[in-house]
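Each chain, written out:
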Amino acid sequence: MSKKVRVRFAPSPTGGLHLGGVRTVLYNYLFAKKHGGDFIVRIEDTDQSRYVPGAEEYIFDCLRWCGLEPDESVQHGGDFGPYRQSERKPLYRDYAEKLIAQGDAYYAFDTPAELEAMREQYKSDQNPAPQYDHTLRLRMRNSLTLSPEEVDRLLSAGTPHVIRILMPGTGMIGFTDMIRGEVSFDMSTVDDKVLLKADGMPTYHLAVVVDDHLMQISHAFRGEEWLPSAPVHVRLWEKLFGRAAMPEWAHLPLILGPNGKLSKRDGAKYGFPVFAMNWTDPKTGENVEGFRERGFLPEAFINLLALLGWNDGTEKELFSLEELVQAFSMERVHSSGAKFDYEKAKWFNHEWLLREPVQRLAFSVRSQFESLSSLSSLNSLKWEKIVALVRDRCHLLTDFVEQTRYFFEYPQEVDRAAIEPKWNAEKTSFFHELVTRYGSETEWQAAKLEELFKSLASERSIKPGELMLPLRIMLVGGKFGPGVFDIADILGKEETIQRIGLLTAQLSNN
RNA sequence: GGCCCGUUCGUCUAAGGGCUAGGACACCACCCUUUCACGGUGGUGAUACGGGUUCGAAUCCCGUACGGGCUACCA
């Protein structure tokens, strides 16, 4: 790579950051770091009507959570600012005017109502969505159809107008996509996109080209949904800065939900999150769940996203961010869309749950449910012991609640049905005696408790297997969890004895 | 409708002219485990279809079908 690698992620602050967005960030980041380049975040807020307060901060919070810090942005500074397009507004008009002077763009005075009328008039079964293009532009009100004097008059009168690109009615235009290879378009099928809006703001089309140039972007990655407008951008590069200066493009495949492109509604509908973190729309109050709050570790989230559309060619699936930077290459990114599989996502998280150092995991889980008040009084060493004991059984951070709550409170539900049918007087007697022996035990430790339990069982000629499940139900409430004696160990003498006594009394009364 | 992109197990994918098409998730069975998991072993399961090119095609070409995206003074 001859020039310095500079890539950018350019979100518009209109709402939550979804899966696909994060993956686009990730591939940008990995590519930049792999090649010793810079990762820039540019806020594309040229549509003021869609501006949502808080969305910008939210995006940066998501990136921080994922560990994908930009090198340059509104929050990080840099030599190519401002990094917010609304603050760059005065820049764009000159480029649009330059295109007009060259004959590659023109003023258009059509009002929204006139545009609507045009679409209505030319709509047909063959052409349900008429475009403002070479076939129609000469029937519209623009500097191509109006006399120069009239155009001047309208302009100096401050008449609202836009600037449109003039796409040739013939010829092909194409480029080499890093993922798809040669892609080409017949220019006659591309419409005259608006470049500069009536409010003086550029549209995405103009802004992306101007800013990528000014910010010296070397590689431009974006979602596949942008492919259809690529010919406009290539054309602008040709006419504004020369094709040689154009960044290399890569159009990333889409991440699909069960029914096509992932939308924020899919989360609620299919039971998995679509945003990185919880997002509440300040206007509607609508709340959309995030992966973070669902109990995903950022390491797992990054890992699973990376593997959705890319692999290193081996059978390795678990990668840390550092490993991804090492292994990543755009050549191995797929060209086809990938359907998101929540089950596999949970598996990734489970794997990371197991790899995480206990101390860190214990901390993450703890902050995940402050709600359990007894937790705050628990010393952290004991908590780490508990977390280490149950992590095998958890896929999400939130799973730890159900898997550990019996350590802190008497089980809410006790599965008596599991032991009641086979309960008898011998068992009642056994557990009465067990309470006595445990009560006088000074060395409260799992192995010792197991030994006492088994020797008593053999004295009474009862198979330990007959008694293990009852003990578990007494302590845990259900048929799950780590070894019973480990649980009793952690529960402590007093609590263990109390729980055994309580259920024994209940069962013997029936 | 037009334009563009895509198509290997249910899902994510490997194999970029040459082995019984490999792995992972999920599912099933067995083993381990005096619970539930973890783990281990095995199993079900795919090259969309039709034509070419070739000694040989999942792989290259064409067509069809299907899927997806775009078609705003939104990004």
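Please refer to the structure placed before this passage.
So, here is what we can say about the structure in this document. This one's a predicted model, so the numbers in the text were calculated from it and none came from an experiment.

1. With respect to unusual backbone geometry
Then comes step 1: At the junction of Gly 81 and Pro 82, the peptide bond is cis and its omega measures out at -5° in the coordinates.
Then comes step 2: Looking at where Pro 82 falls in the secondary structure, it is placed in the loop between α2 (55-66) and α3 (89-102).
Then comes step 3: Despite not being glycine, Ser 461 shows a phi value in the positive range, around 55°.
Then comes step 4: Within the fold, Ser 461 resides in the loop between α18 (446-459) and α19 (464-476).

2. Points about the layout of surface pockets
Then comes step 1: Taken as a whole, the largest pocket spans an internal volume of roughly 1200 Å³.
Then comes step 2: In terms of lining, the largest pocket is formed by 46 residues, of which the most central are Pro 11, Ser 12, His 18, Glu 225 and Trp 226.
Then comes step 3: Elements represented by at least two residues in the lining of the largest pocket include exactly β1 (6-9), α1 (19-34), α6 (204-214) and β8 (219-223).
Then comes step 4: For the lining of the largest pocket, the per-class residue count stands at 19 nonpolar, 14 polar and 13 charged.
Then comes step 5: Within this model, the second largest pocket holds a volume of roughly 350 Å³.
Then comes step 6: Forming the walls of the second largest pocket are 22 residues, and the residues nearest its centre are Asp 110, Leu 115, Val 162, Arg 164 and Val 194.
Then comes step 7: Contributions of two or more residues to the lining of the second largest pocket are made by α4 (112-122) and β4 (162-165).

3. Quick notes on the packing of α19 against helix α20 (residues 484-491)
Then comes step 1: Packing of α19 against α20 brings their axes to within 10 Å, and their N-to-C directions diverge by 35°. For the pair α19 and α20, the crossing hand works out as left-handed. For the pair α19 and α20, the contacting residues are Met 468, Leu 471, Arg 472, Leu 475 and Val 476 in the first and Val 484, Phe 485, Ile 487, Ala 488 and Leu 491 in the second.
Then comes step 2: The class makeup of the residues in the contact of α19 with α20 is nine nonpolar, no polar and one charged.

4. Observations concerning the protein's contact with RNA strand B
Then comes step 1: Around RNA strand B lies a shell of 60 residues, among which Gln 126, Arg 180, Arg 393, Pro 464 and Gly 481 are the nearest.
Then comes step 2: Near the protein, meaning within 4 Å, the atoms of RNA strand B are sugar or phosphate in a fraction of 70%, with bases accounting for the rest.
Then comes step 3: In the environment of RNA strand B, a phosphate oxygen lies 3.4 Å from a nitrogen or oxygen atom belonging to the side chain of Arg 119.
Then comes step 4: Contact distances for RNA strand B include 3.0 Å between a sugar or linking oxygen and a side-chain N or O atom of His 334.
Then comes step 5: Elements represented by at least two residues in the surface near RNA strand B include exactly α4, β4, β6 (181-186), β11 (260-261), β14 (338-339), α12 (342-355) and α19.
Then comes step 6: Top element by residues in the surface near RNA strand B is α19. It accounts for four residues.
Then comes step 7: Residues that form the surface near RNA strand B fall into these classes: 21 nonpolar, 16 polar and 23 charged.

Criteria and cut-off values
- Residues numbered from 1 in each chain as written.
- Chains lettered and ligands numbered in written order.
- Predicted model: local features only at pLDDT ≥ 70, side-chain atom pairs only at ≥ 80, totals over all residues.
- Heavy atoms only, no water.
- Helix = DSSP H or I, 4+ residues; strand = E, 2+ residues; numbered from the N terminus.
- 1 Å grid on protein atoms, 1.4 Å probe; cavity = no way out; pocket = protein on both sides within 12 Å on 5 of 7 lines; lining within 4 Å.
- Points joined across faces, edges and corners; volume = space filled by probe spheres on them.
- Nonpolar A, V, L, I, M, F, W, Y, C, P; charged D, E, K, R; others polar.
- Axes fitted to C-alpha atoms, helices over the stretch in contact; angles between N-to-C directions.
- Left-handed = near helix turned anticlockwise from the far one by under 90°.
- Contact = heavy atoms within 4.5 Å.
- Near = heavy atom within 4 Å.
- Polar contact = N/O pair within 3.5 Å; in protein donor to acceptor, adjacent residues only side chain to side chain.

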